[in-house]
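The residues making up each chain are set out below.
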Amino acid sequence: MRFGVLGWGKIARTQLAPAIAQAGHELVAIGSRSPMAATLDWNETHAPVRWTSYDGVLEDPRVEAVYIALPNTQHVPWTLKALAAGHHVLCEKPMALSPADVDRLSQAAHAAQRHLHEAYMVLHHPQWAALKALDVGAWRHLQVAFSYDNRDPANIRNQAALGGGALWDIGCYAVLLGHWLMGRAPDTVRCHQTRHPDWGTDIHSQGELHWNAQTVLQFSVSTQAARQQSALAVGERGWVALDAPFNPPPRAPWRFSEGLDLPCLPDVNQYAAMLHDFVAHAQTGAPSDLGLSRGVTDTLLRLHAVAQTRI
Ligand SMILES: NC(=O)c1ccc[n+]([C@@H]2O[C@H](COP(=O)([O-])OP(=O)(O)OC[C@H]3O[C@@H](n4cnc5c(N)ncnc54)[C@H](OP(=O)(O)O)[C@@H]3O)[C@@H](O)[C@H]2O)c1
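Residues numbered from 1 in each chain as written. Predicted model: local features only at pLDDT ≥ 70, side-chain atom pairs only at ≥ 80, totals over all residues. Heavy atoms only, no water.

(A) Just unusual backbone geometry, in detail. Here the residue pair K93 and P94 is connected by a cis peptide bond, since its omega of -15° sits within 30 degrees of zero. Here P94 lies in the loop between β5 (88-91) and α5 (99-112). Within the chain, Q113 stands out as a residue other than glycine whose phi angle is a positive 55°. Of note, Q113 is situated in the loop between α5 and β6 (116-118). Its identity is not glycine, yet N212 carries a phi of approximately 55°, on the positive side. Within the secondary structure layout, N212 lies in the loop between β9 (202-211) and β10 (215-222). (Helix = DSSP H or I, 4+ residues; strand = E, 2+ residues; numbered from the N terminus.)

Structure representation (structure tokens):
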């Protein structure tokens with residue numbers, strides 16, 4: 001499939017553009033606010049692509065699918081434009097900042113008969129299906145910690161007007177894990193946030209998601225702490241610990257309780273796996289299922305709404 005990219009930022013350059021080729025597809029056009037500047041580094045080492053504006057990508061007759069890697073608040077308008085222009089769309093997370101907007105996107109994808117997918121690459125790594133298939137009884141206690149240290153006020157994560165903040169940026173992975181393992185939204189949620197005094201974004205968010213008073217997921221995410229990620233999933237009859245749950249290194253090492261029999265996982269590029277699945281769905285004309293995306297977005301909004309905030 002021939003891809004165009006909107007926004008030549010870090011994730012597009014370092015992960016998705018290389019993964020398009022690794023998955024056996026072709027990158028034909030890149031849209032940037034400053035295409036001339038963006039051209040320089042890429043063209044030294046890669047096959048030439050067309051450099052243009054965002055609209056130029058959508059108008060390019062060769063482009064079949066568009067990958068959107070723009071700041072969070074620009075995901076909805078550009079996804080709508082790309083669908084209207086007749087393209088399949090792979091949009092970065094969070095695809096929308098409200099469930100109502102997920103519904104709008106879903107309706108637009110159905111009307112255009114194009115495939116739309118939120119780029120939660122983690123779901124395409126086999127460790128997640130293996131985790132869900134474990135015979136450990138009910139999940140009791142799920143724990144996620146995820147942090148990095150980014151104090152650049154110009155970064156999109158530190159700009160409230162662009163949908164920045166720790167909860168939208170990385171809290172979404174904790175909430176996704178809970179929805180994925182439990183198969184539904186939590187019954188109740190709690191949240192504490194520390195907001196930056198000047199930027200207004202949440203720089204630390206801690207939350208709890210409860211299902212039926214039987215299962216709790218606790219998470220702590222931060223944009224101003226040492227770079228780290230970990231997850232622990234404790235069931236009635238066993239536990240699993242993942243040292244890098246969202247960016248697993250080769251062979252995705254995990255530790256688990258005695259008696260569990262977890263497979264040795266293959267070395268997988270989860271971005272290429274996502275592209276492979278995306279294209280397969282687009283080519284078969286399978287309808288876009290945005291149920292999980294909608295649920296996660298709704299829970300993130302609930303967490304923001306109940307958050308007790310400190311500055
Ligand atoms: N799935 C993942 O693993 C993953 C990881 C990181 C980020 N993400 C998501 O990917 C998206 C992009 O993240 P990133 O880390 O690549 O960010 P980034 O490096 O800041 O890139 C964002 C790009 O958006 C474009 N842009 C348009 N309007 C902008 C504005 N007002 N301010 C700044 N940039 C603007 C710019 O591209 P041009 O200048 O070329 O137009 C910029 O390079 C976010 O939605 C983020 O949540 C996903």
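(B) The arrangement of the layout of surface pockets in detail. Of the pockets and cavities examined, the largest pocket occupies roughly 1,300 Å³. If you trace the largest pocket, you find 44 residues lining it, with G9, K10, I11, I156 and R157 closest to the centre. Going through the elements one at a time, α1 (10-22), β7 (139-149), α7 (166-182) and β11 (224-235) are the ones with two or more residues in the lining of the largest pocket. For the lining of the largest pocket, the element with the highest residue contribution is α1, accounting for five residues. For the lining of the largest pocket, the per-class residue count stands at 16 nonpolar, 18 polar and ten charged. Counting contributing residues, the lining of the largest pocket receives three or more from each of domain 1 (2-121 + 272-288) and domain 2 (124-268 + 297-310). When its volume is computed, the second largest pocket comes out at roughly 380 Å³. (1 Å grid on protein atoms, 1.4 Å probe; cavity = no way out; pocket = protein on both sides within 12 Å on 5 of 7 lines; lining within 4 Å. Points joined across faces, edges and corners; volume = space filled by probe spheres on them. Nonpolar A, V, L, I, M, F, W, Y, C, P; charged D, E, K, R; others polar. Domains from an automatic or database assignment.)

(C) Structural detail: the domain arrangement of the protein chain. For the protein chain, the domain assignment lists domain 1 (2-121 + 272-288) and domain 2 (124-268 + 297-310). Distance between the C-alpha centres of domain 1 and domain 2: 25 Å. Counting residues at the interface gives 17 residues for domain 1, matched by 17 residues for domain 2. Across the domain 1/domain 2 interface, buried area totals approximately 1,500 Å², and carbon plus sulfur atoms make up 62% of it. In this assembly, domain 1 and domain 2 are joined by one salt bridge. (Contact = heavy atoms within 4.5 Å. Buried area = accessible area lost by both parts, 1.4 Å probe. Salt bridge = Lys/Arg side-chain N within 4 Å of Asp/Glu carboxyl O.)

(D) Broad picture of α1. With 13 residues, α1 extends 18 Å from end C-alpha to end C-alpha; this agrees with the ideal 18 Å at 1.5 Å per step. Its maximal kink placed at L16, α1 deviates by approximately 30°, while the proline P18 follows within four residues. Of all the residues in α1, the buried ones are A12, L16, A17, A19 and I20. Just past α1, the residue G24 takes up positive phi, approximately 90°. (Expected span 1.5 Å × (residues − 1). Bend = angle between axes of the 7 residues up to and from the residue. Buried < 20%, exposed > 50% of the residue type's maximum accessible area, 1.4 Å probe, protein only.)

(E) Up close: the pairing of β5. Of the two faces of β5, both are covered, the one formed by H88 and L90 as well as the one formed by V89 and C91. Sheet analysis places strand β4 (residues 65-68) next to β5, joined by four bridges and oriented parallel. Residue A65 lies in a different strand from β5, and its bridge partner there is H88. Taken together, the three bridges between β5 and β6 define a ladder with parallel strand orientation. Across the sheet, residue V89 finds its bridge partner in β6, namely L116. (Pairing = 2+ DSSP bridges.)

(F) Quick look at the packing of helix α4 (residues 75-84) against α5. Where α4 contacts α5, the two axes come as close as 9 Å, and the packing angle between them is 10°. As judged from the angle between their axes, α4 and α5 are roughly parallel. Every residue of α5 that contacts α4 at V76, T79, L80 and L83 is listed here: D101, R104, L105, A108, A109 and A112. When the residues that make up the contact of α4 with α5 are grouped by side-chain class, the tally is seven nonpolar, one polar and two charged. (Axes fitted to C-alpha atoms, helices over the stretch in contact; angles between N-to-C directions. Parallel < 35°, antiparallel > 145°, perpendicular 65-115°, else oblique.)

(G) Broad picture of the pattern of salt bridges. Summed over all chains, the structure comprises 14 salt bridges. The residue E236 makes a salt bridge to R140 at a minimum N-O spacing of 3.0 Å. With a gap of 96 residues between them, E236 in the loop between β11 and β12 (239-242) and R140 in strand β7 connect regions that are remote in the sequence. Among the residues examined, E236 registers a relative accessible area of 46% and is labelled partly exposed. Overall, R140 belongs to the partly exposed group, its relative accessible area being 29%. Taking the shortest distance from any N to any O, the salt bridge between R184 and D187 comes out at 2.9 Å. Classification of R184 as partly exposed rests on a relative accessible area of 34%. Take D187: its relative accessible area is 39%, and that puts it in the partly exposed class. One network of salt bridges, with partners in common, ties together R50, D60 and R62.

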